[in-house]
Amino acid sequence: MKMTFRWYGSGDKVTLGDIRQIPCVKGVVSAIYDTPVGEVWSNESIAKLKADINAAGLEFEVVESVPVHEEIKLGGADAPRLIDNYKENVRRLGEAGVKCICYNFMPVFDWLRSELDRGLSDGSNALAYDHATVLSMNPLTSSLSLPGWDASYDNDGLKDLLARYADIDEEKLWDNLAVFLKEVIPVAEQSGVKMAIHPDDPPWGIFGLPRIITCKDNIARMLAIVDSPANGITLCTGSLGVNPDNDLADMARTFKGRIPFVHLRNIKITGEKCFEESGHRSSEGSLDMYEIIKALIDTGFDGYVRPDHGRMIWGEKGRAGYGLYDRALGAMYLDGIAEAIVKESEVRR
Ligand code: DNO
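(A) Quick peek at the site of the ligand. Taken together, 14 residues form the shell around the ligand, and within it Glu64, Ser65, Asp110, His309 and Tyr322 come nearest. In this structure, Asn104 approaches the ligand through a side-chain N or O atom, which is 2.9 Å from an oxygen atom. Here His198 contributes a side-chain N or O atom positioned 3.1 Å from an oxygen atom of the ligand. In the complex, 98% of the free accessible area of the ligand, which totals 320 Å², lies under the protein chains. It is strand β4 (residues 100–104) that provides the largest number of residues to the shell around the ligand, a total of three residues.

Here's what the structure looks like:
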């Protein structure tokens with residue numbers, strides 16, 4: 001398993017030099033951030049990103065994300081052109097040596113939290129989700145700015161978009177996902193790229209919008225749409241794990257060979273549909289990180305992993321969930337577990 005670290009490009013307060021000093025991290029997960037969603041990324045931008053990352057002594061083999069335009073999720077009139085653009089991005093990234101592309105198919109909102117800086121008992125701050133609070137928010141008038149909310153929509157744009165989704169139920173969204181996968185996966189195969197859909201976070205519907213990548217059965221359904229190793233998932237433990245019915249170690253075993261990328265993070269379930277993002281350590285939260293990593297290693301996982309959302313610790317200020325210190329602690333902890341599991345299995349052999 002290759003340990004990577006997410007980096008938001010040259011504007012990120014966390015530098016490539018910082019990342020290079022985390023002993024287990026070999027590569028950076030990044031994206032082109034200055035091109036509008038749906039457009040083709042320039043070869044120059046891709047080459048520059050790769051060159052900067054490589055110059056820091058790190059690999060650039062994972063992109064997170066190539067975002068899917070809303071028109072594609074809606075099955076709108078412009079979807080064919082936007083899917084063609086998407087395929088071109090997959091080709092260009094493959095040529096640049098990218099091996100895995102993470103994306104999601106969540107309508108309108110990406111990950112969603114009700115709080116960005118809940119104080120935890122140890123004095124750190126973390127992201128948290130309280131379902132009642134989310135239900136009480138109106139996305140059209142809320143003054144809350146959440147990290148998963150695309151700031152490029154003004155309120156009118158958002159209102160129009162939400163109105164268009166009124167006709168899109170789960171089955172329609174499945175249809176539109178199938179159209180996308182049938183077009184994109186063959187290109188990924190030819191380009192040496194594995195596509196890794198990110199689960200919906202949280203894995204339940206919000207504001208009446210459908211969410212479908214939420215549980216084992218639905219992941220199996222999505223993988224069956226195009227039965228190819230290039231059609232894979234990002235096993236995001238924190239996203240799926242907030243539903244106690246989702247058994248992450250079982251999913252790691254079941255979807256063996258179809259998991260090119262794993263986001264390893266812990267969460268603490270604090271009530272029904274309520275959680276806070278704890279430190280990575282198993283005892284801090286509701287997920288057994290050892291069992292999940294063991295299931296991955298036992299089934300021959302050789303893909304990319306990264307620590308995910310960190311708490312804000314030691315006075316760090318920065319992008320919610322994406323500071324340096326707690327993610328670095330997480331990476332080292334996860335890498336330590338993996339080293340022990342690999343060595344023990346070698347001794348047994
Ligand atoms: C949040 C991330 C997600 C993820 C996208 C993938 O921290 O895990 O925003 O990058 O959903 O497209």
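Text resumes after the structure shown.
(B) Inspection of the packing of helix α11 (residues 289–298) against helix α12 (residues 325–348) at higher detail. Taken N-terminus to C-terminus, the directions of α11 and α12 make an angle of 50 degrees; their axes are 10 Å apart at the nearest point. Taken together, the axes of α11 and α12 lie oblique to each other. Like other packed secondary-structure pairs, α11 and α12 cross with a definite hand, here right-handed. Two secondary-structure elements touch here, α11 through Met289, Tyr290, Ile293, Lys294 and Ile297 and α12 through Tyr333, Leu334, Ile337, Ala338, Ile341, Val342, Glu344 and Arg348. When grouped by side-chain class, the residues that make up the contact of α11 with α12 number 10 nonpolar, no polar and three charged.

(C) Seen up close, the packing of aromatic side chains. According to the stated counting rule, one finds 10 aromatic pairs in the structure shown. Seen from their ring centres, Tyr103 and Phe180 are 5.6 Å apart, and the 50 degrees between their planes marks the pair as tilted. With Tyr103 in strand β4 and Phe180 in helix α7 (residues 170–191), the pair connects residues that are 77 residues apart, well separated along the chain. Note on accessibility: Tyr103 and Phe180 belong to one class, buried. Relative to Phe275, the ring of Tyr129 has its centre 5.2 Å away and its plane inclined at 5 degrees; by these criteria the two rings are stacked. With Tyr129 in strand β6 (residues 125–130) and Phe275 in strand β11 (residues 274–276), this residue pair connects regions lying 146 residues apart in the sequence. Judged by relative accessible area, Tyr129 falls into the buried class, the value being 0%. According to the relative accessible area criterion, Phe275 is buried, its value standing at 0%. Among the aromatic residues, those joined into a ring-pair cluster are Tyr8, Tyr33, Trp111 and Tyr322. Sitting over the ring of Trp174, Arg221 keeps its end group 4.1 Å from the ring centre.

Rules and cut-offs
- Residues numbered from 1 in each chain as written.
- Predicted model: local features only at pLDDT ≥ 70, side-chain atom pairs only at ≥ 80, totals over all residues.
- Heavy atoms only, no water.
- Near = heavy atom within 4 Å.
- Polar contact = N/O pair within 3.5 Å; in protein donor to acceptor, adjacent residues only side chain to side chain.
- Areas by Shrake-Rupley, 256 points an atom, 1.4 Å probe, with all protein chains shown as cover.
- Helix = DSSP H or I, 4+ residues; strand = E, 2+ residues; numbered from the N terminus.
- Axes fitted to C-alpha atoms, helices over the stretch in contact; angles between N-to-C directions.
- Parallel < 35°, antiparallel > 145°, perpendicular 65-115°, else oblique.
- Left-handed = near helix turned anticlockwise from the far one by under 90°.
- Contact = heavy atoms within 4.5 Å.
- Nonpolar A, V, L, I, M, F, W, Y, C, P; charged D, E, K, R; others polar.
- Phe/Tyr/Trp six-rings, centres within 6.5 Å; stacked < 30°, edge-to-face > 60°.
- Buried < 20%, exposed > 50% of the residue type's maximum accessible area, 1.4 Å probe, protein only.
- Lys NZ or Arg CZ within 6 Å of the ring centre and 35° of its normal.

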